[in-house]
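Structure at a glance
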Amino acid sequence: MDSVIVQQDQMVAATARDFAEKYIRPNVMEWDETQHFPKEVLQQAGALGIMGVLVPEEFGGAGLGYIEYVRIIEEIGKVCGSVGLSVAAHNSLCSGHIAQFGDEAQKMRYLTKLASGEWIGAWALTEPNTGSDAGNMQCVATADGDGWILNGTKCWITHGNSSDVMVVIARTGEPRKPQSSTAFIVERGTPGLSAGKKENKLGMRCSETTEVIFDNCRISDEQRMGEVGDGFHQAMKVLDGGRISIAALSLGIAKGAYEAALKYAKERHQFDQPIANFQGISFKLADMATRIEAAELLTLQAADMKNRGEKVTKFSAMAKYYASEVAVSVANDAVQIFGGYGYTKDFPVEKFYRDSKLCTIGEGTSEIQKLVIAREVLK
Ligand SMILES: Cc1cc2nc3c(=O)[nH]c(=O)nc-3n(C[C@H](O)[C@H](O)[C@H](O)COP(=O)(O)OP(=O)(O)OC[C@H]3O[C@@H](n4cnc5c(N)ncnc54)[C@H](O)[C@@H]3O)c2cc1C
């Protein structure tokens, strides 16, 4: 990678790091305990371009590429995985979908507000009975005069209650048939749109996750994105980019846990010496460092390919699969290195451990990533 890109990527990382240290770090445990979704902090992040990283400058975004995006999510993830998840869902799912498939009027109306952080975005694909099997969705959009009526329930939606605008993929044809779903943009306050249960989660607790209910929710045809029937195809393309952000988030969590464990291993004494002197601990640190480097290379490769406009389905799935599993194993090792102290909320590793697990589930589980990779390698 040429040095200009590396320099820019380091500057962007420093901005995100400063922001995370100043506005997120002091509140991490309070937000986690209370499940407070810090919408106001995300709105502040908008002023620094963090809420419109990939959005072109003509629509008010930072107009940066995927390498810088990875660095931003990683730096935030090092401090708080939950805020990292929210920033990722807003940028690559909601804004990412509108940027790729919205028309000029939709981009002008929504991307400008999303990129500034004035509006928070959500993206709704998953339903109670269709998670991995998302193509079989039951939430239905029925044509009605010059518009559409949405009925059904989405679940696990990041910012399902607090978002100002939501991209929704709903069924417009026969289940399991190709071209049977369509993407729509629904604004907060639209009659018939409401949030259901807020999930009480193991980790990622300050990233709001709720059900979303559509009850005869009427929207105009101008809210449709792209062609009728193209929704699932669009969603898979959006996830190709989104998975790079979950890989970056995993990397941030893994690095945060590793750095805390490395420091602790040098400071904590047992048997009259630092525990880092014991091979059982130093080899763990060696394994953690090696896996993190490998995950970083895969993630940057996927990001670089995405910047070049290459097809990234296989590589974004590999990066997401590998980096998320690394995050879980590194966070697990970090808790072990901290011993009993790692099992308390007085040290950061227990939160990294809890947060890391989401990365192997959201935007497609590890099993689904293997399915995607296998399909690509067997072509
Ligand atoms: C905190 C959080 C935030 C989320 N945010 C969003 C969001 O903003 N928008 C959104 O649309 N969704 C969101 N999701 C949903 C997420 O993408 C789904 O949870 C995920 O895709 C898995 O679906 P599921 O939970 O229904 O699990 P299931 O699909 O029921 O899977 C259960 C288990 O079966 C395995 N499995 C399923 N099918 C196969 C197969 N063919 N081969 C092998 N194994 C299989 C899975 O890997 C998993 O281990 C979020 C989830 C969480 C937890």
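To be clear, the structure that these remarks concern was listed above.
Below: a short report on this structure. (Residues numbered from 1 in each chain as written. Predicted model: local features only at pLDDT ≥ 70, side-chain atom pairs only at ≥ 80, totals over all residues. Heavy atoms only, no water.)

**Details of the environment of Ile50**
As a reminder of what qualifies: We count a stretch as a helix when DSSP gives it H or I for four or more residues in a row; a strand needs E for two or more, and each element gets its number in order from the N terminus. Relative accessibility thresholds used throughout: buried, under 20% of the residue-type maximum; exposed, over 50%; partly exposed, between the two (1.4 Å probe, protein chains only). Note on definitions: a residue-residue contact is assigned when non-hydrogen atoms from the two residues lie within 4.5 Å.
Mapped onto the elements, Ile50 comes out in the loop between α3 (39-46) and α4 (66-79). For Ile50, a relative accessible area of 2% corresponds to the buried category. Sequence-wise, Ile50 and Ala257 are 207 residues apart; in three dimensions their C-alpha atoms are separated by 23 Å. Leaving out residues up to four positions away in the same chain, Ile50 has contacts with Ala16, Phe19, Ala45, Ile72, Ile76, Val87 and Asn91.

**Looking at the site of the ligand**
Formally: The nearness test applies per residue and asks whether one of its heavy atoms lies within 4 Å of the molecule or strand. Side-chain atoms alone can form a polar contact between residues adjacent in sequence; in general such a contact is a pair of N or O atoms within 3.5 Å, and within protein one must be able to donate a hydrogen while the other accepts it. Residue-level accessible areas treat just the shown protein chains as cover; the underlying method is Shrake-Rupley with a 1.4 Å probe.
Neighbouring the ligand are 19 residues, the closest being Thr126, Ser132, Trp156, Thr365 and Glu367. In this structure, Ser132 approaches the ligand through a side-chain N or O atom, which is 2.6 Å from an oxygen atom. Thr158 places a side-chain nitrogen or oxygen 2.9 Å from a nitrogen atom of the ligand. For the ligand, whose free accessible area comes to 970 Å², the fraction covered by protein is 65%.

**A short note on unusual backbone geometry**
The phi dihedral of Phe271 is positive, around 50°, even though this residue is not glycine. Mapped onto the elements of the fold, Phe271 is located in the loop between β9 (269-270) and β10 (273-274). Accessibility expressed as a relative area gives 70% for Phe271, which makes it exposed. With a phi close to 65°, Asp272 is a non-glycine residue in the positive phi region.

**Here we look at the nonpolar core**
Nonpolar side chains tend to gather and get buried jointly when the protein is soluble and globular. Selection rule: Each nonpolar core is a collection of buried residues, namely Ala, Val, Leu, Ile, Met, Phe, Trp, Tyr and Cys, held together in the definition by side-chain atoms within 4.5 Å.
Counting residues in hydrophobic clusters, the biggest one holds 70 residues, and the most contacted among them are Ile24, Val83 and Ile337. When residues of this core are assigned to their parent elements, the largest contribution, 14 residues, is made by helix α7 (residues 231-267). Setting aside residues no more than four positions away along its own chain, Ile24 makes contact with Phe19, Trp31, Val41, Ile76, Val79, Cys80 and Val83. Of all hydrophobic cores here, the second largest spans 25 residues; its members include Val55, Ala89, Ile98 and Trp123.

**Section: the pattern of salt bridges**
Just so we agree on the cut-off: Basic side-chain nitrogens of Lys or Arg form a salt bridge, by our definition, when they fall within 4 Å of a carboxyl oxygen of Asp or Glu.
Taken as a whole, this structure holds 26 salt bridges when the rule is applied. Across the pair Glu350 and Lys345 runs a salt bridge whose closest N-O atoms are separated by 3.4 Å. On the accessibility criterion, Glu350 (9% relative accessible area) is buried. Relative accessible area serves as the criterion here: at 42%, Lys345 is assigned to the partly exposed category. Note that Arg354 is salt-bridged to Glu350, the shortest N-O span being 2.8 Å. Within this pair, Arg354 and its partner Glu350 are both found in helix α10 (residues 349-356), separated by four residues, close to a single helical turn.

**Overview of α7**
Put simply, the rule reads: Here the expected length of a helix is defined as 1.5 Å per residue gap, with one fewer gap than residues. A residue's bend is the angle separating two fitted axes: one through the seven residues that end there, the other through the seven that start there.
Taking 1.5 Å as the rise per residue, α7 with 37 residues should run 54 Å; its terminal C-alpha atoms sit 53 Å apart, in good agreement. In α7, a bend of some 30° at Asp240 exceeds every other bend along the element. Among the 37 residues in α7, 28 count as buried, and that is most of the element.

**Comments concerning the pairing of strand β5 (residues 181-187)**
Both faces of the sheet carry side chains from a regular strand, because those side chains alternate between them. The condition that has to hold: The pairing criterion is simple: DSSP has to find at least two bridges between the two strands.
Burial runs high along β5: six of the seven residues are buried. Direction of pairing for strand β4 (residues 165-171) relative to β5: antiparallel, over a ladder of seven bridges. Along β5, the bridge assignment pairs Ile169 with Ala183. Of the strand pairs in this sheet, β5 and strand β8 (residues 224-225) are connected by two bridges, and their pairing is antiparallel. The residue bridging Ala183 from the neighbouring strand is Met225, located in β8.

**Things to note about the side chain of Ser95**
Mapping Ser95 onto the fold places it in helix α5 (residues 81-101). For Ser95, a relative accessible area of 2% gives the class buried. Those residues in contact with Ser95 that lie beyond four places of it in its chain are Val55, His90, Leu111 and Leu114.

**Section: the packing of aromatic side chains**
Defined as follows: Planes of paired rings set the category: under 30 degrees apart is stacked, over 60 is edge-to-face and the rest tilted, where pairs are Phe, Tyr or Trp rings (Trp by its six-membered ring) whose centres lie within 6.5 Å. By definition here, charges over rings are those cases where NZ of Lys or CZ of Arg is within 6 Å of the ring centre and within 35 degrees of the ring normal.
In this structure the tally under the stated criterion is nine aromatic pairs. Note on Tyr264 and Phe338: the rings are 4.1 Å apart at their centroids and 15° apart in plane angle, and the pair reads as stacked. Taken together, the residues Tyr264 in helix α7 and Phe338 in helix α9 (residues 313-338) connect sequence positions 74 residues apart. Judged on exposure class, the residue Tyr264 and its partner Phe338 are both buried. The structure contains a cluster of three or more aromatic residues connected by ring pairs, namely Tyr264, Phe338, Tyr341 and Phe347. One cation-aromatic arrangement involves Lys113 over Trp119; the distance from NZ or CZ to the ring centre is 5.0 Å.

**Let's talk about the state of the cysteines**
Inclusion rule: Two cysteine sulfurs form what is called a disulfide whenever their separation falls within 2.5 Å.
Counted under the stated rule, the structure contains zero disulfides. The structure places no disulfide on Cys94, whose sulfur is separated from the nearest cysteine sulfur, that of Cys217, by 15 Å.

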